[in-house]
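For reference, the chains in residue letters:
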Amino acid sequence: LMGALLSKKWLGAAKPSPDAHPNVRSNLVLVEEFGGWSRFQKVLQALHDVACHRDGVTLSMVAVAWALAQTGVKAVVLGARAAEHVKDAGRAERLELSESELELIDAACADAPGPSGDVYALERTTPVLSHMNQQGRSDAVTTDHLRECSRRLAELHALYAKQLPPAPEGLFEQTVKKARNWTAPSAYANLEVEELVLVLRGFVAEVDCLPSENDEDLLGAPAPAVSRLRTFAARMLAATEQALFVSRNKGAKRIGSYEDINKDAATQAQGAFRARVLAACLDGESPTPNADGCCVS
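Procedures and definitions
- Residues numbered from 1 in each chain as written.
- Predicted model: local features only at pLDDT ≥ 70, side-chain atom pairs only at ≥ 80, totals over all residues.
- Heavy atoms only, no water.
- Helix = DSSP H or I, 4+ residues; strand = E, 2+ residues; numbered from the N terminus.
- Buried < 20%, exposed > 50% of the residue type's maximum accessible area, 1.4 Å probe, protein only.
- Areas by Shrake-Rupley, 256 points an atom, 1.4 Å probe, with all protein chains shown as cover.
- Axes fitted to C-alpha atoms, helices over the stretch in contact; angles between N-to-C directions.
- Parallel < 35°, antiparallel > 145°, perpendicular 65-115°, else oblique.
- Left-handed = near helix turned anticlockwise from the far one by under 90°.
- Contact = heavy atoms within 4.5 Å.
- Core = buried A, V, L, I, M, F, W, Y, C linked by side-chain atoms within 4.5 Å.
- Salt bridge = Lys/Arg side-chain N within 4 Å of Asp/Glu carboxyl O.
- Expected span 1.5 Å × (residues − 1).
- Phe/Tyr/Trp six-rings, centres within 6.5 Å; stacked < 30°, edge-to-face > 60°.
- Nonpolar A, V, L, I, M, F, W, Y, C, P; charged D, E, K, R; others polar.

Participant: Describe the overall build of the chain, with residues and values.
Facilitator: Helix and strand counts for the chain come out as eleven helices and zero strands. Reading the secondary structure of the chain in the N-to-C direction produces α-α-α-α-α-α-α-α-α-α-α. Per-residue burial for the chain yields a buried fraction of 39% across its 297 residues. Here the chain has roughly 17600 Å² of accessible surface; of this, 52% comes from carbon and sulfur atoms.

Participant: Tell me about the packing of helix α3 (residues 59-68) against helix α4 (residues 83-93), residues and numbers included.
Facilitator: In contact at an axis separation of 8 Å, α3 and α4 are set at 45° when each is read in the N-to-C sense. Classified by the angle between their axes, α3 and α4 sit oblique to one another. The handedness of the crossing between α3 and α4 is right-handed. Residue-level contacts link Met61, Val64, Ala65 and Leu68 of α3 to Asp88, Arg91, Ala92 and Glu93 of α4.

Participant: If you had to explain α4 to someone new, which residues and values would you point to?
Facilitator: Turning to α4, its buried residues are Val86, Asp88, Gly90 and Ala92. In the core, the buried residues of α4 are packed alongside α3 and α9 (193-209).

Participant: Please set out the nonpolar core residue by residue, giving values where relevant.
Facilitator: Counting residues in each nonpolar core, the largest one holds 31 residues, and the members touching the most others are Leu5, Phe40, Leu47, Val62 and Leu97. Contributing elements (two or more residues each) for this core: α1 (22-34), α2 (37-52), α3 and α5 (99-109). Broken down by element, the residue count for this core peaks at eight residues, all from α2. Excluding residues within four positions of it along the chain, Leu97 makes contact with Val50, Arg54, Val62, Ala65, Trp66, Leu102 and Ile105. Among the nonpolar cores identified, the runner-up in size contains 29 residues, and Leu146, Leu164, Ala187 and Phe203 belong to it.

Participant: Explain the pattern of salt bridges to me, using residue names and the numbers behind them.
Facilitator: Taken as a whole and judged by the stated rule, the model has seven salt bridges. Put simply, Glu101 and Arg54 hold a salt bridge, and the shortest N to O gap is 2.7 Å. Of this pair, Glu101 sits in helix α5 while Arg54 is found in the loop between α2 and α3, placing the two residues 47 residues apart along the sequence. On the basis of relative accessible area, Glu101 is assigned to the buried category, the value being 14%. Under the relative-accessibility criterion, Arg54 is labelled partly exposed at 24%.

Participant: Give a description of unusual backbone geometry that names residues and reports values.
Facilitator: Negative phi values dominate among residues other than glycine, just as trans dominates among peptide bonds. Backbone geometry places Asp111, a non-glycine residue, at a positive phi of 65°. Mapped onto the elements of the fold, Asp111 is located in the loop between α5 and α6 (121-125). Of the residues examined, Asp111 reaches a relative accessible area of 73% and is grouped as exposed. Despite not being glycine, Asn190 shows a phi value in the positive range, around 60°. Locating Asn190 in the fold gives a position in the loop between α8 (175-180) and α9. The class for Asn190 is exposed, based on a relative accessible area of 70%.

Participant: Pulling in residues and values, what's your account of the environment of Gly3?
Facilitator: Residue position: Gly3 is located in the segment before α1. Along the chain, Gly3 and Leu28 lie 25 residues apart, while their C-alpha atoms are 9.3 Å from each other. Not counting residues within four places of it along the chain, the set of residues in contact with Gly3 comprises Asn23, Val24 and Asn27.

Participant: Talk me through α2; I want residue IDs and the actual numbers.
Facilitator: A rise of 1.5 Å per residue sets the reference length of α2, with its 16 residues, at 22 Å; its end C-alpha atoms lie 22 Å apart and thus fit the reference within 8%. Where α2 is concerned, the buried positions are Trp37, Phe40, Gln41, Val43, Leu44, Ala46, Leu47, His48, Val50 and Ala51. Looking at the buried side of α2, the elements it contacts are α1, α3 and α5.

Participant: Kindly report on the packing of aromatic side chains, identifying the contributing residues and their values.
Facilitator: For any pair of aromatic rings, the description rests on two quantities: the centre-to-centre distance and the angle between the ring planes. Using the criterion set out here, one finds four aromatic pairs in the structure. Three or more aromatic residues joined by ring pairs form one cluster here, namely Trp10, Trp37 and Phe40.

Participant: How would you sum up the environment of Val24? Please name residues and give values.
Facilitator: The residue Val24 is located in helix α1 in this model. Here the alpha-carbon distance between Val24 and Leu5, two residues 19 residues apart in the chain, equals 6.9 Å. Non-local contacts of Val24, meaning those with residues more than four positions away in its chain, are made with Gly3, Leu5, Trp10 and Pro16.

Participant: Give a detailed account of the packing of α2 against α5, specifying residues and quantitative values.
Facilitator: Two elements in contact, α2 and α5, have axes whose closest approach is 8 Å; the angle formed by their N-to-C orientations is 170°. On the basis of the axis angle, α2 is roughly antiparallel to α5. Facing Lys42, Val43, Ala46, Leu47, Asp49 and Val50 of α2, the residues of α5 in contact are Glu101, Leu104, Ile105, Ala108 and Cys109. Here the residues of the contact of α2 with α5 are counted per class, giving eight nonpolar, no polar and three charged.

Structure representation (structure tokens):
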């Protein structure tokens, strides 16, 4: 959401000043690449017009829904500073825009000159972001992004450690301690399991967007660090989706521990397998390839 620039707060507002919040300043690069502040206002107005005809829908939620409606887009990466932002993200994920609404927003975006290029390419190479790069290296933005992903994933893991697999030694380093002593209300607190699945899907998508270093241009964060974080984020997502599967089948409202979820999932999977074998036998089919008759022990 471009550091909250894609929100009603900036509709009809003057262009942010040079001393605005760093998140706002860095995302102004995207506005300029898009065609400037006036063109960006047309997009905000179109998003607002769509939101006004929907109950409980915000301009930002419409922006997310529009992005998800684009061909080839499976997920969007969203930041959140409050629990309500996470819940809004879940509602945006379920929001379906009509053809006329999509056409209205597309018209506002038509003939924009940019941005173009690879994911995060603009952020890695634009001088205005050099404040994030203390050593003047082009990979610093990506490394900082990886560090921020690790910090937020550690915070999430600390909040839901009971139902998630233990983190590999050294993965989060000091960020785990910081997350457990978080002073401000966490945006990830008190999530329903369905919302936790959505958040973790976002983490996996975000880490996947991080380029790893290579021999050609040396851009990107250290490849082993990216790989480790991506792998564990995927494990956390798998565990949460398994917890959702178990809770729906058991009709339980509370999620058990990681060990209990694994046991319940195994029991349910075994029961489903037995049912399939028995159904095959009753239909006169062989439960295994090249086997004669039916053997159920």
